[in-house]
Amino acid sequence: MSDTDEMTINLLLVGRTQSGKSASGNSLLGSFDFDSHLSPSSVTTCCRLGCSCRISGFTRRNGHELALRVHVMDTPGYPHSSLSKEEVQQAVRAALAQHFGDEGLHLALLVLRADLPLCEEESHTIQLVQELLGPTWKNFTAILFTHADKVEEAGLNGDKYLHIASDTLLNLLSSIQQRYIFVDNQANTLQEERKTILRKIMEFIRQNSYQVLLVK
């Protein structure tokens, strides 16, 4: 956090292959920094940092209007089609230290597909998040449910979706204090979708008293 009329939030994207991490990163940045397309194998093979343009007048703190900049780190999916857990973990650790080592991490976004049930592969990803962030990981993690359009097509809203969710998912949400966002990366009004997502993320960060996780 700087002392100027601007603040920067640092976000980490984690999730299984083809979960929609890179597409979500592009939505958060309002750009196409990250390669995202359908593929039979993992698309993202290394960590990449994307930085948004300045969003003027986005938020207020202590009575002052602040502009916002968003830094998003995209990471290889895990499980990965060509990288081992150790290789993914080593790459993410190094990138966290390089890009967020001085300022810290505001929030890790665990990306889950809303149109698929939570399965063993996600448990591996959750374990990876725990190992990367350490014992306070629950304070710095939120869930991004991608493919929200599929939820709507099924005649469900967020509340109805969670009403029929598995106990495993509900317990995970409870452990991270119900921090979740539904994302439609195919939305026609992508800029409005972006503002909605960023406002919710900012609310999570405020609830956490603007704390950061130091990742050196």
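Residues numbered from 1 in each chain as written. Predicted model: local features only at pLDDT ≥ 70, side-chain atom pairs only at ≥ 80, totals over all residues. Heavy atoms only, no water.

1. Some thoughts on the side chain of T8
Reasoning step 1: You can see T8 is positioned in strand 1 (residues 6-15).
Reasoning step 2: Other than its neighbours up to four places away in sequence, T8 contacts R69, H71 and H106. (Helix = DSSP H or I, 4+ residues; strand = E, 2+ residues; numbered from the N terminus. Contact = heavy atoms within 4.5 Å.)

2. Side note on unusual backbone geometry
Reasoning step 1: A positive phi angle, close to 55°, is found at N62, a residue other than glycine.
Reasoning step 2: Phi is positive for H147, which is not a glycine, with a value near 60°.
Reasoning step 3: Among the structural elements, H147 can be located in the loop between strand 6 (141-146) and helix 4 (148-153).

3. Points about the layout of surface pockets
Reasoning step 1: Taken as a whole, the second largest pocket spans an internal volume of roughly 230 Å³.
Reasoning step 2: Taken together, 16 residues line the second largest pocket, and the ones lying closest to its centre are A148, E152, F182, V183 and K200.
Reasoning step 3: Listed by contribution, the elements that provide at least two residues to the lining of the second largest pocket are helix 4, helix 5 (158-163), strand 7 (180-182) and helix 7 (190-207).
Reasoning step 4: Ranked by residue count, the leading element in the lining of the second largest pocket is helix 7, at 4 residues.
Reasoning step 5: Split into classes, the residues belonging to the lining of the second largest pocket amount to 8 nonpolar, 3 polar and 5 charged. (1 Å grid on protein atoms, 1.4 Å probe; cavity = no way out; pocket = protein on both sides within 12 Å on 5 of 7 lines; lining within 4 Å. Points joined across faces, edges and corners; volume = space filled by probe spheres on them. Nonpolar A, V, L, I, M, F, W, Y, C, P; charged D, E, K, R; others polar.)

4. Details of empty space enclosed by the protein
Reasoning step 1: All chains considered together, the criterion is met by 1 cavity of 30 Å³ or more.
Reasoning step 2: The computed volume of the largest cavity comes to approximately 30 Å³.
Reasoning step 3: Lining the largest cavity, in full, are V14, G15, T75, P76, G77, Y78, V88, V92 and L128.
Reasoning step 4: Of the residues contributing to the lining of the largest cavity, the split by class is 6 nonpolar, 3 polar and no charged.

5. Description of the pattern of salt bridges
Reasoning step 1: Under the defined criterion, the tally for this structure stands at 7 salt bridges.
Reasoning step 2: Close ionic contact of R69 with E6 constitutes a salt bridge, the shortest N to O distance being 2.8 Å. Note that R69 is positioned in strand 4 (residues 64-74) and E6 in strand 1, a separation of 63 residues in sequence.
Reasoning step 3: Given a relative accessible area of 28%, R69 falls into the partly exposed group.
Reasoning step 4: Look at E6 and you get buried, because its relative accessible area is 17%.
Reasoning step 5: Note that D115 is salt-bridged to R113, the shortest N-O span being 2.7 Å.
Reasoning step 6: Given the relative accessible area of 29%, D115 is considered partly exposed. (Salt bridge = Lys/Arg side-chain N within 4 Å of Asp/Glu carboxyl O. Buried < 20%, exposed > 50% of the residue type's maximum accessible area, 1.4 Å probe, protein only.)

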